[in-house]
Amino acid sequence: MTNHIQDPRLTDGRWLRIPGPTPVPPPVLAAMAEPMIPHRGKEMSALIRRLRERLQEVHRTEGDVMVWSGSGSAGWEAALQNSCRPGERVVATVTGDFGRRFADVAERLGLWVTRVEAPWGQAVSPQQVEDAIKRAGGVRAALITHNETSTGVTNPLRELAKVARRHGALVLVDAVSSAAAMPVEVGAWDLDWVISGSQKAWMCPPGLMIAALSERALQAAADQSNRRFFWDVEKMASAFQNGHATTTPAIPLYRALNVALDMMLDEGVEAMWERQAALGAWLRDRLKGLGLVLYADEAVASASVTAVRPPAGMPASTLRDMILADSGIEVAVGQGPETEAVIRVGHMGWSHRPEMEATVESIARVLSHR
């Protein structure tokens, strides 16, 4: 099989097509190589204020936005520890492996969890959440996985949040693979915690957890008796408002995010969302043209990651390895029980048509030679 790794369309690390970490633009990487500065000095303070202001713009909120050192998954624990006491009831949407993990974290923290499940590849409906809250007799919070990275399904966040708020529940959102990739309207949709990770559509290396909060969420944190230090959102919100972090910040990653936000806002937030959605639609159409079966229901297909079934009888890891050998392009297999049942291709962040075209062509070649 001919190796096409020198394809001129695959430059600057754009061979990485997994749904995170995603390719990082050269200017973002260059920002990380700048000399260190005092983490309590004026330059750092100005940087934090600038990050906060522009993260508010992308999240569509005038409320608090802050950045912690940590992964997106750390956001589950931060949101839960600041919102819920052990013994309280929550509902959690489970449409894949990451929704399952969010629910698992809640149980580990002593919460009573009602799992609102849909078959993998499908979305949870508002009526399911309504029924689950009524069965539970009311809940403290709804844990909503907006975009299920393991299946390529986008749950109807706005509608699910509306149901939860009607019942007085806090809305805690895993937006790890949706924030900056598709509309997430924190203010207009009345969301309380929206957490994401720098390694996805934010076009940065892993290492930052980003959180956007409502005033209601901050009040809930003030009412909690939980012991917390690193994840103390009241202190972090106050610090970020004043251009500081509560602990030593990851200075190179803050600088990387600053440059990435420059690129995002230069493109325009809506244009950025539209580009990623168009890439996903184009990719799904081409993969179907190769005779492959999409994993997610197209009505709820993700704008940031597409999941597709390998040919019958072929493990997903085999197809992944064949694509890598053919072109140097890295795609991902599935998660949890569907590890060998699905191939996942990321098209979020710094992703454009040439990379998708090269990916489809590589898949077409390996399928023609099997």
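Higher on the page you've got the structure.
Parameters and conventions
- Residue numbers run consecutively from 1 along every chain, following the written order of its sequence.
- Local features in a predicted model are, by the rule used here, given only for residues with pLDDT of at least 70; side-chain atom pairs are given and counted only at 80 or more, and totals for whole chains, interfaces and linings are based on all residues.
- The side-chain quantities take in all heavy atoms of the structure and omit both hydrogens and water.
- If DSSP finds at least two bridges between two strands, the strands pair.
- In this text, helices come from DSSP runs of H or I with a minimum length of four residues, and strands from runs of E with a minimum of two, each type numbered from the N-terminal end.
- All axes are obtained by fitting lines to C-alpha atoms, using only the stretch in contact for helices, and the reported angles, taken between N-to-C directions, cover 0 to 180 degrees.
- Pairing of aromatic side chains requires ring centres within 6.5 Å, counting the rings of Phe and Tyr and the six-membered ring of Trp. Pairs whose planes differ by under 30 degrees are stacked, by over 60 edge-to-face, and all others tilted.
- Partly exposed describes any residue whose relative accessible area lies between the buried limit of under 20% and the exposed limit of over 50%, with all areas from a 1.4 Å probe on protein chains only and scaled to the type maximum.
- Lysine and arginine charges are scored as sitting over a ring when NZ or CZ, respectively, is within 6 Å of the ring centre and within 35 degrees of the ring normal.
- Think of a nonpolar core as a cluster: buried Ala, Val, Leu, Ile, Met, Phe, Trp, Tyr and Cys residues, connected wherever their side-chain atoms sit within 4.5 Å.
- Here the expected length of a helix is defined as 1.5 Å per residue gap, with one fewer gap than residues.
- Contacts are assigned to residue pairs that have any heavy atoms within 4.5 Å of one another.
- Here roughly perpendicular refers to angles of 65 to 115 degrees, roughly parallel to angles under 35, roughly antiparallel to angles over 145, and oblique to all remaining angles.
- Each helix crossing is assigned a hand: it is left-handed if the near helix lies turned anticlockwise from the far helix by less than a right angle, otherwise right-handed if that turn is clockwise.
- All residues other than Ala, Val, Leu, Ile, Met, Phe, Trp, Tyr, Cys, Pro, Asp, Glu, Lys and Arg, Gly among them, are scored as polar; the first ten of these are nonpolar and the last four charged.
- Note on definitions: salt bridges are taken to be side-chain nitrogens of Lys or Arg within 4 Å of carboxyl oxygens of Asp or Glu.

Novice: Now, about the sheet that holds strand β4 (residues 141-145): what can you tell me, with residues and values included?
Specialist: The 7 strands are arranged β1-β9-β8-β7-β4-β2-β3 in an open sheet whose pairing can be described as mixed. Across the chains shown, the open sheet's two edge strands, defined by having one partner strand only, are β1 (64-69) and β3 (112-117). On average, adjacent strands in this sheet sit at an angle of 20° to one another, irrespective of strand direction. Relative to β3, strand β2 (residues 89-94) runs parallel, the two sharing 6 bridges. Its bridge partner lying in β3, V94 is registered against E117.

Novice: For the packing of aromatic side chains, give the residues involved together with the corresponding values.
Specialist: Evaluation of the coordinates by the stated rule reveals 5 aromatic pairs. Pairing F240 with Y254 gives two aromatic rings, centres 6.4 Å apart and planes at 55°, and the pair type is tilted. Note that F240 is positioned in helix α8 (residues 233-241) and Y254 in helix α9 (residues 251-267), a separation of 14 residues in sequence. Taken individually, F240 and Y254 each receive the classification buried, so the pair is uniform in this respect. Directly above the aromatic system of F98 lies the positively charged group of R101, at a separation of 4.4 Å from the ring centroid.

Novice: Could you give an account of the nonpolar core, with specific residues and numbers?
Specialist: Ranked by internal contacts, the top residues of the largest apolar core, which has 101 residues, are L191, W193, W202, Y254 and L257. Counting 23 residues, the second largest nonpolar core, distinct from the first, contains L292, M314, I329 and L367.

Novice: Please set out helix α12 (residues 353-369) residue by residue, giving values where relevant.
Specialist: Between the first and last C-alpha of α12 there are 25 Å, a value that for 17 residues agrees with the 24 Å anticipated at 1.5 Å per step. Buried residues belonging to α12 abut α10 (269-289), α11 (316-327) and β13 (343-346).

Novice: Mind laying out the sheet that holds strand β11 (residues 305-309), listing which residues take part and the relevant values?
Specialist: Pairing in this open sheet of 4 strands is antiparallel, and the strands run β10-β11-β13-β12 from one edge to the other. The outermost strands of the open sheet, each flanked by one partner alone, are β10 (293-294) and β12 (332-333). Direction of pairing for β12 relative to β13: antiparallel, over a ladder of 2 bridges. Considered in β13, the bridge of V333 is made with I343.

Novice: Account for the packing of helix α5 (residues 126-136) against helix α6 (residues 157-166), with residues named and values stated.
Specialist: Orientation of α5 relative to α6, taken along the N-to-C sense of each, is 20°, at an axis distance of 9 Å. Taken together, α5 and α6 sit at an angle that is classed as roughly parallel. The two elements α5 and α6 cross, and the hand of that crossing is right-handed. Judged by residue contacts, P126, V129, E130 and I133 of α5 engage E159, L160, V163, A164 and R166 from α6. Partitioning the contact of α5 with α6 into residue classes produces 6 nonpolar, no polar and 3 charged.

Novice: An account of the pattern of salt bridges is requested, with residue identities and associated values reported.
Specialist: Per the stated rule, a full pass over the model turns up 26 salt bridges. Note that R255 is salt-bridged to E34, the shortest N-O span being 3.4 Å. With a gap of 221 residues between them, R255 in helix α9 and E34 in the loop between α1 (26-31) and α2 (42-59) connect regions that are remote in the sequence. According to the relative accessible area criterion, E34 is partly exposed, its value standing at 39%. Between E43 and R255 there is a salt bridge, and its shortest N-O distance comes to 3.7 Å. In this pair, E43 sits in helix α2 while R255 sits in helix α9, placing the two residues 212 residues apart along the sequence. With relative accessibility at 8%, the residue R255 sits in the buried group. Put simply, D97, R100, R101, D104, E107 and R115 are held in one network by salt bridges that share partners.

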